[in-house]
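The chain contents come next:
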Amino acid sequence: MKKMLNVALPKGRLGEKVYNMFEKAGFECPSIKENNRKLIFENEETMVRYFWVKPSDVAIYVERGAADIGVAGKDILLEYEPEVYELLDLDLGKCRMAVAAKKDFRDNPQKTLRVATKFTNIAQQYYMSKGRDIDIIHLNGSIEIAPILDLSDVIVDIVETGTTLKENNLEVFETIVPISARLIANKSSYIFKNEQITKIAEEISKQLEA
Ligand code: PRP
């Protein structure tokens, strides 16, 4: 007997695009389109159960097997390094991880660089690879304020359109890595629900080629 496939979707605009891809791939679940505050939806015909979670939590659900598959940003995968398989680049939610600072900022290599970020691990690895000594300041949001108030010299953050930086008189100094949404799978689900997971990955990759 076929088992229910549990899918963690990132709540928000990206998640809706992602659901449409799954629907086209043959895993529809019409009840998800009803406008209500429910978080879990299932379809016993297509044997799929979707749930909306905070985008940054998708990888945890998948790593621990509460979800068999899900869609997470490459930023989260690089930051938390969850033990999951990365199956596909969905070419959605594209942005980049970048170092930004005030326009007049000049790096003085003699001094420890103060870096404000939500992405501590990414920032640490990036500067370690450059042999640069840094002081990490972990913040949870509104990172752009840090250099303005001289809490930090630079920030490491996501840049999409660049509007947030511009409106706060900051600019990109270096791009660390391009980011996009990835289809990820739990490692044991990938073995035990291989047929369903492979089908989804194949159908979605056909959509991406078209
Ligand atoms: C991200 C990021 C920037 C902004 C960049 O924040 O931290 O603040 O988007 O986008 P832009 O280049 O198009 O202006 P997000 O909106 O995800 O919220 P957060 O502060 O909670 O991370």
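Located above this text is the structure these notes cover.
So, a few notes on the structure that sits alongside this text.

What follows concerns the nonpolar core. Core analysis: the largest hydrophobic core is formed by 27 residues, its most contacted members being Leu9, Phe22, Tyr50, Ile69 and Leu183. The set of elements that each furnish at least two residues to this core consists of strand 1 (5-10), helix 1 (13-24), strand 3 (48-53), strand 4 (69-73), strand 11 (181-185) and helix 8 (194-209). Dropping the residues within four chain positions of it, Leu9 is found in contact with Val18, Tyr19, Phe22, Ile32, Tyr50, Phe51, Trp52, Val53 and Val58. Val115, Ala123, Tyr126 and Ile134 belong to the second largest nonpolar core, which has 16 residues in total.

Next up on the list: the sheet that holds strand 4. Strand order in the open sheet formed by six strands is 2-3-1-4-11-5, with mixed pairing between adjacent strands. Where the open sheet ends on each side, the last strands, each with one partner, are strand 2 (40-43) and strand 5 (85-89). For this sheet, the mean angle separating the axes of adjacent strands, direction not counted, is 25 degrees. Pairing of strand 5 with strand 11, which is carried by four bridges, proceeds in the antiparallel orientation. Bridge pairing in strand 11 places Asp89 opposite Arg182. Contacting strand 1, strand 3, strand 4 and strand 11, helix 1 crosses the sheet at an angle of about 145 degrees to strand 1. Sitting on the sheet, helix 8 is in contact with strand 1, strand 4, strand 5 and strand 11, with an inclination near 25 degrees to strand 5.

What follows is about the pattern of salt bridges. Tallied over the full model, the rule gives 13 salt bridges. The salt bridge partner of Asp68 is Lys193, with a shortest N-O separation of 2.8 Å. Highlighted residues: Asp68 in the loop between helix 2 (58-63) and strand 4 and Lys193 in the loop between helix 7 (187-192) and helix 8, separated in sequence by 125 residues. One salt bridge in this structure joins Arg114 and Asp153, with 2.8 Å as the shortest N-O distance. In this pair, Arg114 is assigned in strand 7 (residues 113-117) and Asp153 in the loop between helix 5 (145-148) and strand 9 (154-159), connecting sequence segments 39 residues apart. Owing to a relative accessible area of 23%, Arg114 belongs among the partly exposed residues under this scheme. Through salt bridges with shared partners, one network takes in Lys74, Glu86, Asp89 and Arg182.

Contacts to the ligand come from Lys118, Glu144, Asp157, Ile158, Val159, Glu160, Thr161, Gly162, Thr163 and Thr164. In the environment of the ligand, an oxygen atom lies 2.3 Å from a nitrogen or oxygen atom belonging to the side chain of Lys118. Contact between the ligand and Glu160: an oxygen atom at 2.8 Å from a main-chain N or O atom of the residue. When the ligand sits alone it has 500 Å² of accessible area, and the protein chains cover 60% of it. Only strand 9 and helix 6 (163-167) provide two or more residues apiece to the shell around the ligand. For the shell around the ligand, the leading source of residues is strand 9, giving three residues. Partitioning the shell around the ligand into residue classes produces two nonpolar, four polar and four charged.

Cut-off values and rules
For every chain, the first residue of its written sequence is number 1, and the numbers climb from 1 along that sequence. The predicted origin of the model limits local features to residues at a pLDDT of at least 70 and limits the giving and counting of side-chain atom pairs to 80 or more, whereas totals for whole chains, interfaces and linings rest on all residues. As a rule here, side-chain values come from all non-hydrogen atoms in the structure, and water together with hydrogens is ignored. In these notes, a set of buried Ala, Val, Leu, Ile, Met, Phe, Trp, Tyr and Cys residues joined through side-chain atoms within 4.5 Å is what counts as a nonpolar core. Note on classification: 1.4 Å probe, protein chains only; a residue is buried when its accessible area is under 20% of the maximum for its type, exposed when over 50%, partly exposed between these limits. To qualify as a helix, a DSSP run of H or I must reach at least 4 residues; to qualify as a strand, a run of E must reach at least 2; elements of each kind are numbered from the N terminus. Contacts are assigned to residue pairs with any non-hydrogen atoms lying within 4.5 Å of each other. Strand pairing requires that DSSP identify at least two bridges connecting the strands. Axis angles are defined between N-to-C directions and span 0 to 180 degrees, where every axis is a line fitted to C-alpha atoms and, for a helix, only to the segment in contact. The salt bridge definition used is simple: a Lys or Arg side-chain nitrogen within 4 Å of an Asp or Glu carboxyl oxygen. Proximity is defined per residue: if any heavy atom of the residue lies within 4 Å of a molecule or strand, that residue is considered near it. Polar contacts, as counted here, are pairs of nitrogen or oxygen atoms within 3.5 Å of one another; within protein the pair requires one atom able to donate a hydrogen and one able to accept it, and residues that are adjacent in sequence qualify only if both atoms are side-chain atoms. Here the accessible surface of atoms and residues is derived via Shrake-Rupley with a 1.4 Å probe, and residues count as covered only by protein chains that are part of the display. Only Asp, Glu, Lys and Arg are considered charged, only Ala, Val, Leu, Ile, Met, Phe, Trp, Tyr, Cys and Pro nonpolar, and every remaining residue, Gly among them, polar.

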